[in-house]
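Listed here are the chains, written in short residue letters.
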Amino acid sequence: MPIFEATGDDISSINIRGDYNVIDSLKFTSGNLTIGSNAQYTVVQNNIFDGDPYDPPGDQINDGHLYLYDNTHYTVIRNNYFHSINAHAIKTYSSSNMPTNISILYNRFYTGSVSYGLVTFKSSINTYEIAYNRFEDVTSNCISIGSAYGTPHNGLNIHHNVFDNCSNSVFTKLNTGTTGPLTGLLFHDNVIYNAFYVD
């Protein structure tokens with residue numbers, strides 16, 4: 001199993017194309033990490049994502065620190081720190097083979113303002129868990145879902161997160177005209193301080 005660990009230098013960009021990778025303790029300053037097509041069973045942990053990323057990996061991304069593409073199944077994103085960003089912290093996008101079984105756990109999202117949402121799923125959701133994260137001083141939507149293809153979403157569990165001083169939606173659907181039906185949504189045991197609303 002390849003393990004990418006800290007070298008002491010800032011990372012500008014990494015594109016993962018294989019299975020069973022661990023991205024551990026790196027610092028991305030205005031850079032991005034792409035989990036590319038067919039890269040499955042990836043763990044992204046203990047990293048720092050800071051500043052505004054450049055070199056967007058695709059036309060649909062509008063900038064982003066961590067980007068998941070086709071067939072990026074069984075990805076675990078845990079214990080990372082996303083700071084001072086005016087771009088998407090995490091985004092999925094796919095036109096066909098949607099990412100499935102994504103876990104976003106124990107991360108801190110501190111400040112952020114971007115269209116759509118800080119954590120955005122622009123592809124169909126199938127078995128996603130967002131838990132034990134902290135969203136703080138976020139001026140855009142914290143979590144948003146949608147699909148340019150109107151495909152259905154099934155199995156989204158948002159629980160035990162803290163939303164502190166979030167001035168827009170904590171959770172929202174992007175656009176009713178392009179978003180498919182949502183089933184299997186669980187939103188429970190979250191703590192919301194000084195935040196706006198849940199759509």
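Scroll up to find the structure.
Everything numeric here is computed off the predicted structure, so don't read it as measured data. (Residues numbered from 1 in each chain as written. Predicted model: local features only at pLDDT ≥ 70, side-chain atom pairs only at ≥ 80, totals over all residues. Heavy atoms only, no water.)

A short note on the overall build of the chain
Put simply, the test is: By the criteria applied, helices consist of DSSP H or I runs no shorter than four residues and strands consist of E runs no shorter than two, each listed in order from the N terminus. Think of it in three bands: residues with accessible area under 20% of the maximum for their type are buried, residues over 50% are exposed, and the middle band is partly exposed, with areas taken using a 1.4 Å probe on protein chains only. Here a residue-residue contact requires only that any non-hydrogen atoms of the pair lie within 4.5 Å. Reported accessibility uses the Shrake-Rupley method at a 1.4 Å probe radius. Residues are deemed covered only where the shown protein chains occlude them.
A count of helices and strands for the chain gives 0 helices and 21 strands. Within the span of the chain, comprising 199 residues, buried residues form 49% of the whole. Sequence-distant contacts, at least 24 apart, represent 69% of the contacts inside the chain between residues at least 6 apart. With the model as given, the accessible surface of the chain reaches about 8300 Å², and the carbon-plus-sulfur share is 47%.

With respect to the pairing of strand 5 (residues 42-45)
Using the following cut-off: At least two bridges found by DSSP between two strands are what make those strands a pair.
Of the two faces of strand 5, both are covered, the one formed by Thr42 and Val44 as well as the one formed by Val43 and Gln45. When strand 3 (residues 21-24) meets strand 5, the two strands line up parallel, connected through 4 bridges. Within strand 5, the residue paired with Asn21 across the bridge is Thr42. Pairing of strand 5 with strand 8 (residues 75-78), which is carried by 3 bridges, proceeds in the parallel orientation. Note on strand 8: the bridge partner recorded for Val44 is Ile77.

A word on the packing of aromatic side chains
Heads up, the rule is: In this analysis, rings of Phe, Tyr and Trp, with Trp reduced to its six-membered ring, are considered paired at centre separations within 6.5 Å, and the interplanar angle assigns stacked below 30 degrees, edge-to-face beyond 60, and tilted for intermediate values.
Applying the stated criterion to the full structure yields 12 aromatic pairs. With a centroid separation of 6.5 Å and 20° between ring planes, the pair formed by Phe163 and Phe187 is classed as stacked. Highlighted residues: Phe163 in strand 18 (residues 162-164) and Phe187 in strand 20 (residues 182-188), separated in sequence by 24 residues. Overall, the relative accessible area of 0% leaves Phe163 in the buried class. The class for Phe187 is partly exposed, based on a relative accessible area of 30%. Taken together, the ring pairs connect Phe28, Phe49, Phe82, Phe109, Phe135, Phe163, Phe171 and Phe187 into an aromatic cluster.

Interpretation note: all reported values are geometric properties and have no functional meaning in isolation.
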